[in-house]
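Report on the structure
What follows is each chain in one-letter form.
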Amino acid sequence: MLVMPDTSRAIGADLRRLLKPDQVKDDAPTKTAYAVDASIYRMEPQAVALVESEDDIHRVVTYAMSRSVPLTARAAGTNLTGSAIGSGIILDVSRLHRIVEVNREERWARIQPGIVLAELNKHLAREGLMFGPDPSSGDMCKLGGMLANNSAGPHTLRYGAVKDNVRSLRVCLTSGSWLDARNFDLDDPALARVLSSHAPIRETLSLVQEHTDVLARKRPAVSKNSCGYNLFGLADGLAHGRLDLPHLFVGSEGTLGVFSEATISLVSKPRATLTALIHFKRLEDVGDAVPRLLALTPSALEVMDANTLDLIGRGTHGIPAAAAATLLAELDAEGGAVDLREAAERMATICGDYPLASEIVVAYDPDRREQLWKARKALYPTLYRFDPRKKPINFVDDVVVRAERISELIRYLEEFFGSQRVPVAIFGHIGNGNAHIVPLLDVNDKRDFDKMVKGYHEIHQTVLDRFEGSICGEHGDGRVRAEYVQAMFGPELYDLFVKVKRSFDPSGMLNPGVKISDRPFTEHIDYTRLSKSCATCAKCNAVCPVYDVFRSEDMSSRGWFEIVTDVRYNYVNSKRVVEACLNCKSCRTACPAGVDVSQLILDKRAEHPNSLAGAIFRFQAKTRQFATFLKLVARLQPLWDRPLIRRLLDLLSRPILSRLAESASFSPAIVMPKFASRHLRDRYPRLALEPEQSRRSAVAYFHGCAANYFDDGVGDAVIAVLRKHGVEPDLPAQRCSGTPVETYGHRELAKDGARTNLRSFTGYDTIVTGCASCTLMLKDYPKLFAGEPEQSAAEAMARRVKHISEFVMQSPVRPPTAAAGAASTVTYHSSCHLRAAGVTKEPRAILQNLPGVRYVEMPDADRCAGGAGTYLVKDFETSQRIVARKRQAVAQSGAGVVATSCPACMIQLKTGLPADVEVKHVAQVLRESYEAAERQSGEPHP
Ligand SMILES: Cc1cc2nc3c(=O)[nH]c(=O)nc-3n(C[C@H](O)[C@H](O)[C@H](O)COP(=O)(O)OP(=O)(O)OC[C@H]3O[C@@H](n4cnc5c(N)ncnc54)[C@H](O)[C@@H]3O)c2cc1C
Ligand code: SF4
Ligand code: SF4
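The subject of this paragraph is the site of ligand 1. Around ligand 1, the structure places 36 residues, and the nearest of them are A73, T78, S137, S151 and A152. Taking A73, its main chain carries an N or O atom lying 2.6 Å from an oxygen atom of ligand 1. Between a nitrogen atom of ligand 1 and a main-chain N or O atom of A152, the distance comes to 2.7 Å. Here ligand 1 loses 98% of its free accessible area of 970 Å² to cover by the protein chains. Only β3 (71–74), α5 (143–149), β11 (258–265) and α17 (379–382) provide two or more residues apiece to the shell around ligand 1. A total of five residues in the shell around ligand 1 trace back to one element, the largest contributor, which is α5. Taken together, the residues of the shell around ligand 1 break down into 18 nonpolar, 14 polar and four charged.

Okay, structure coming up:
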């Protein structure tokens, strides 16, 4: 019998010889995570290469071509067409994320392909600039993917698509040679050199020159097109004596070469912007109004049809029942808000000619404008919430017609899907005539599957025949439209595309199956995933601190969803990734589809509780003995908390801590808070209640562990603030809220503590917290006890929980405030768990209103700082890599004080920030201000 060698991991082994070990991954969880993008497809790769330099790209491309291994470049994996998955090597460019150079005067930037659009624009905003094209996925998609897909967005109306904003590209070709693809004069000697050294460019140039007539005949008669190769752009350049090479590569979807760098054009950030929401009673009126509104030169004009409004929930978004379509219009002004008010009046006059379902909503303020955009930007993943079985399926998602025919198109689509009895969302860039069509189907049901196939052919053909439009405006052809590219352009032009592809990629190994392929669009559909709750949109990756550090899909929130919900999941081979999550809950806060990846991970950890953590938490549950032990620790702190002893402790504790996690350590660099020799409960004996002791106040303070055991001033500040508001709180007997306990897999122990807390805190009107994690955990008790007898008590408790900042903002008492010392610049770090608990505005509002405080919002205020309770013990190195970003943000803000709402974040910030930056709890800042006012007036307040 012939025994074939096991080649399943041979590619990974080969790549490891070419790159550093941590740049190559081929284990089962990694392959599962990389098997998906935001499309309906699934393909498992054989290995993933996380390139960090041009040399890396070159090595991987050359290796793949020499071994005939399919190679797929990938950035954020947010494309909707299956173009960033493949069966061979995934070349992930995410670690190439530098902004190499910005030229403010000439308005261009050199960037690497792994930078996220939102990050780029945040950086450029400081220079008053931005990159014009703005896909709705801008928070997560990366420039490499945008370039390769010729992405566009709502503001394409004003700034064009990516193809209109690229000056040059560095491309690694399958031959292994590098091409500087820019716009050349035909008589430029540099072009002659390019042509002599790059046969594919030479051949493509000849092909275009020989086929100008067919290109002219087949050019789509619409304002936007990303279908096929953009040979039209090359032909246009040639007509003006130029060879504009970026036009060939932008939109080529990784099928012609791999980009390592691009020089992009920038535009000025508008000085002022107006966003308006207009609810039309009749769809036809939208079509009539659009050309008139275009005369105002809006920067964006977006539409959502009646079905879309129903699907996202009219009530939730304040959309009137009578609205048949909603228009979102945006106008930018160079000359300030005055121009815009005039434009707003003209817009109101135009729209006043039609019956509207409500007054036009106009916003100038960035927060308010963002609110108006929120539903539109999160539309696609939000549709995932609609039905447990029927999911939004992207298969006719990106057609383009002439803008004045968009109402006619929408009416046709509504009738088509109405006849199929399929719910559908139709929305998009109406100013460009680009409609996104997302039907909700259960593709595992044969009837729905057949409807999908029928709709695919019928709608695309109608767009071509009746509307003379394009099947692809901005999302790319990928796997989903490859089958139809020939129908769009006819055999002659398609043959030209095939020749171009063959010239650049003779072995067909560069992203096979994408753009140029005759495989049916139904091949590789991921039927299993399409019955799950996750839209694979990657919005969670954009906020996941672990992904931010590792830039690898197997170390990311979306990847973890795939891994832990895979039928082949097992803890042993996935432990590495399942244990890497901080449980910061940022993913849960961000997910528009309502998925809680952190909870799924906690569920998996609960199947394998950590034994050392269990022993510690069981000891902690013995409140008296644990308190006595910590008092001993406090007394000995002057001894053990010295640099030399800390180093020794670190060494000695490593073997024990390794049972917590391989990476666990008690790093001497952790700035430990002072342990209290008299715990908070001892310091306030008149407030502290014994178990079963009757309550004395209507307000209870759930101090949690940190405020009780540490002498960090937080507990005292919370009590002092409550007293200033006229409240003498009870400190009921209590156990750990349960966050760290659950984090280490001990759900039953967490419930045990929660039951104690439920008993102790019954009957209070308000339960005040100071710790972000305790706040969230108490508010989450109903989830902990879902379906159990304690659920209703947990719900009653959750309703009464208020973080001290919420309490202060809602309190009818307004104690006087005063500057607490020299005026200080204060910024706010928004703790993840408090964000997840929905408390974001109150702490900021408190700080903004304090005299003597100059409040500045720091960049990335809403990003995790990497502390997450005990994470800085579990994985100190990663926690420090996470906090580095916060350090930069604080430095940029210029703040001398960072206020936050969580004692655990305080430890992390004190460890990670320079010593001259003060870290305080919001309650401490508030207390200082109240006390300063008291000193100034000479009168004690209650
Ligand atoms: C919720 C949501 C909203 C969206 N809204 C829009 C929208 O408004 N407008 C829009 O145009 N798109 C939109 N998209 C689609 C998608 O986000 C864009 O196409 C995006 O630009 C893809 O970027 P990416 O970094 O995710 O690329 P990926 O998905 O990783 O890759 C996309 C393509 O680029 C190729 N590629 C990546 N890097 C390179 C490289 N270095 N060299 C060569 N090829 C490379 C890949 O092979 C693939 O073919 C949306 C997607 C989602 C999930
Ligand atoms: S978990 Fe939510 S945010 Fe993350 S990929 Fe899935 S749908 Fe998107
Ligand atoms: S909880 Fe935090 S670390 Fe874990 S997956 Fe979510 S965002 Fe990432």
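Here the narrative resumes.
Turning our attention to the pairing of strand β24 (residues 824–828). Burial analysis of β24 places four of its five residues in the buried class, which makes it a mostly covered element. Across three bridges, β24 lies against strand β25 (residues 853–855) in parallel orientation. Across the sheet, S824 pairs through a bridge with V853, a residue of β25. Both β24 and strand β26 (residues 897–900) contribute to a ladder of three bridges, which runs parallel. Along β26, the bridge assignment pairs V826 with V897.

Our focus in this paragraph is the packing of aromatic side chains. The geometry of two aromatic rings is summed up by the distance between their centres and the angle between their planes. Tallying each qualifying case throughout the model produces 22 aromatic pairs. Look at Y456 and Y484: their rings are 5.6 Å apart centre to centre, the planes differ by 90°, and that puts the pair in the edge-to-face class. With Y456 in helix α19 (residues 446–465) and Y484 in helix α20 (residues 482–504), the pair connects residues that are 28 residues apart, well separated along the chain. No difference in accessibility class separates Y456 from Y484, as the two residues are buried. Its guanidinium or amino end placed over the ring of Y764, R695 lies 5.8 Å from that ring's centre, counting from NZ or CZ. A cation sits over an aromatic face here: R881 above F550, 5.2 Å from the ring centre.

What counts, and at which threshold
- Residues numbered from 1 in each chain as written.
- Chains lettered and ligands numbered in written order.
- Predicted model: local features only at pLDDT ≥ 70, side-chain atom pairs only at ≥ 80, totals over all residues.
- Heavy atoms only, no water.
- Near = heavy atom within 4 Å.
- Polar contact = N/O pair within 3.5 Å; in protein donor to acceptor, adjacent residues only side chain to side chain.
- Areas by Shrake-Rupley, 256 points an atom, 1.4 Å probe, with all protein chains shown as cover.
- Helix = DSSP H or I, 4+ residues; strand = E, 2+ residues; numbered from the N terminus.
- Nonpolar A, V, L, I, M, F, W, Y, C, P; charged D, E, K, R; others polar.
- Buried < 20%, exposed > 50% of the residue type's maximum accessible area, 1.4 Å probe, protein only.
- Pairing = 2+ DSSP bridges.
- Phe/Tyr/Trp six-rings, centres within 6.5 Å; stacked < 30°, edge-to-face > 60°.
- Lys NZ or Arg CZ within 6 Å of the ring centre and 35° of its normal.

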